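In case you want the letters, here they are:
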Amino acid sequence: MKWPKDARHEVTPPRAHWRTVLHEVIFEADTRLGKGFDVLLIVSILASVIAVMLDSIGAVQSHYGSLLYGIEWLFTIIFTVEYLLRLMCVGRPLKYAGSFYGVVDLLAIIPTYVSLFLPGSQYLLVIRILRILRIFRILKLVPYLGEARLLMKALRANSHKIAVFIYTVMTLVVIFGSLMYVIEGGANGFTSIPRSIYWAIVTLTTVGYGDISPQTVLGQTLASMVMILGYAIIAVPTGIVTVEMSRAFGRKVSTQVCPECSAEGHDADARHCKFCGAVL
């Protein structure tokens, strides 16, 4: 018997009870156990990041290096088990593994294993701090979730405009850098065109490190023009994103996570996942 296309979300196969319970605890923050798990996870993440930071301090490492090494592996094993459990309790493990949180969860454990072959790579474990983003769901900061998704939607909608803007800026810095190389030359610190382009980027973005500066009148005049142009350019991407955000404003989202594909961002009154059709 063929099901009509309109009923495709009704044919989601039943889930094992243990997977449902595990999904509620690991992915949801609506229940007491789920919130407690997430809070414990965040505390563990913060503790592991602090341990990595302390291990980078010479005096601390010399006295407590072995202890910090053991703590690092303890948290890595815990996060590895947690990552595997997340893959086990979702209907589409590969879908979750390729999502933003899935990639972050994997990157949070890989550096420790890589450090067995490349010493020092364990310091990349500070990427675990990205997992703290789950605090938005735990504390029910739904308005902030909505604003974050709105910003991402605006960036995606204007990706072509932003790409053109970046290309224009890169063209300008190449031109200004080349001109400054010709005007100032190596005697005043502009020893090559790439180094002059570096100066143009620093000047155009109004950062101004001051490690290279023009000494001639013509060079200073060009630098003044680049500085003024930098202030004008800064407003362009802000205006592009702001316009798109004003268009997309208003849609409410929930903290519900799809048990099949682990997607988020569903409407507050949604009963089915808008990405895979599974029952929420």
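Summarised in this report is the structure supplied together with it. (Residues numbered from 1 in each chain as written. Predicted model: local features only at pLDDT ≥ 70, side-chain atom pairs only at ≥ 80, totals over all residues. Heavy atoms only, no water.)

Observations regarding the packing of aromatic side chains
Any aromatic ring pair is given by two values, namely how distant the centres are and how the planes are angled relative to each other.
Here comes step 1: For the structure shown, the criterion picks out 6 aromatic pairs.
Here comes step 2: Ring centres of Tyr69 and Trp73 lie 6.5 Å apart, and the angle between their planes is 70 degrees; this geometry places the pair in the edge-to-face category. You can see Tyr69 and its partner Trp73 sitting in helix α3 (residues 58-89), 4 residues apart, about one turn around the helix.
Here comes step 3: Judged by relative accessible area, which is 45%, Tyr69 ranks as partly exposed.
Here comes step 4: Judged by relative accessible area, which is 17%, Trp73 ranks as buried.
Here comes step 5: Ring centres of Phe75 and Phe79 lie 6.1 Å apart, and the angle between their planes is 20 degrees; on these two criteria the pair is classed as stacked. Taken together, the residues Phe75 and Phe79, both in helix α3 and 4 residues apart, mark about one turn of the helix.
Here comes step 6: Residue class for Phe75 comes out buried when judged on its relative accessible area of 13%. (Phe/Tyr/Trp six-rings, centres within 6.5 Å; stacked < 30°, edge-to-face > 60°. Helix = DSSP H or I, 4+ residues; strand = E, 2+ residues; numbered from the N terminus. Buried < 20%, exposed > 50% of the residue type's maximum accessible area, 1.4 Å probe, protein only.)

Structural notes on the side chain of Thr203
Here comes step 1: Following the sequence through the fold, Thr203 ends up in helix α10 (residues 193-204).
Here comes step 2: From its side chain, Thr203 meets the backbone oxygen of Trp199 in a polar contact 2.8 Å long.
Here comes step 3: Among all residues touching Thr203, those that are not within four sequence positions of it are Ala223, Val226 and Met227. (Polar contact = N/O pair within 3.5 Å; in protein donor to acceptor, adjacent residues only side chain to side chain. Contact = heavy atoms within 4.5 Å.)

Here we look at the environment of Gly210
Here comes step 1: Mapping Gly210 onto the fold places it in the loop between α10 and α11 (217-248).
Here comes step 2: Gly210 gets classed as exposed once you look at its relative accessible area, which sits at 57%.
Here comes step 3: When the C-alpha positions of Gly210 and Trp199 are compared, they lie 8.9 Å apart, and in sequence the two are 11 residues distant.

Brief notes about unusual backbone geometry
Here comes step 1: In this structure, Thr206 is a non-glycine residue whose phi angle is positive, near 60 degrees.
Here comes step 2: With respect to the helices and strands, the residue Thr206 is situated in the loop between α10 and α11.

Brief notes about the nonpolar core
Here comes step 1: Within the largest apolar cluster, 18 residues are counted, with the highest numbers of intra-cluster contacts made by Phe27, Ile45, Phe79, Cys89 and Tyr96.
Here comes step 2: Here the element with the most residues in this core is α3; it accounts for 5 residues.
Here comes step 3: Beyond its immediate sequence surroundings of up to four residues, Phe79 is in contact with Leu41, Ser44, Ile45, Ser48, Ile109, Arg128 and Arg131.
Here comes step 4: Listed in part, the 15 residues of the second largest apolar core include Phe165, Val173, Met180 and Ala200. (Core = buried A, V, L, I, M, F, W, Y, C linked by side-chain atoms within 4.5 Å.)

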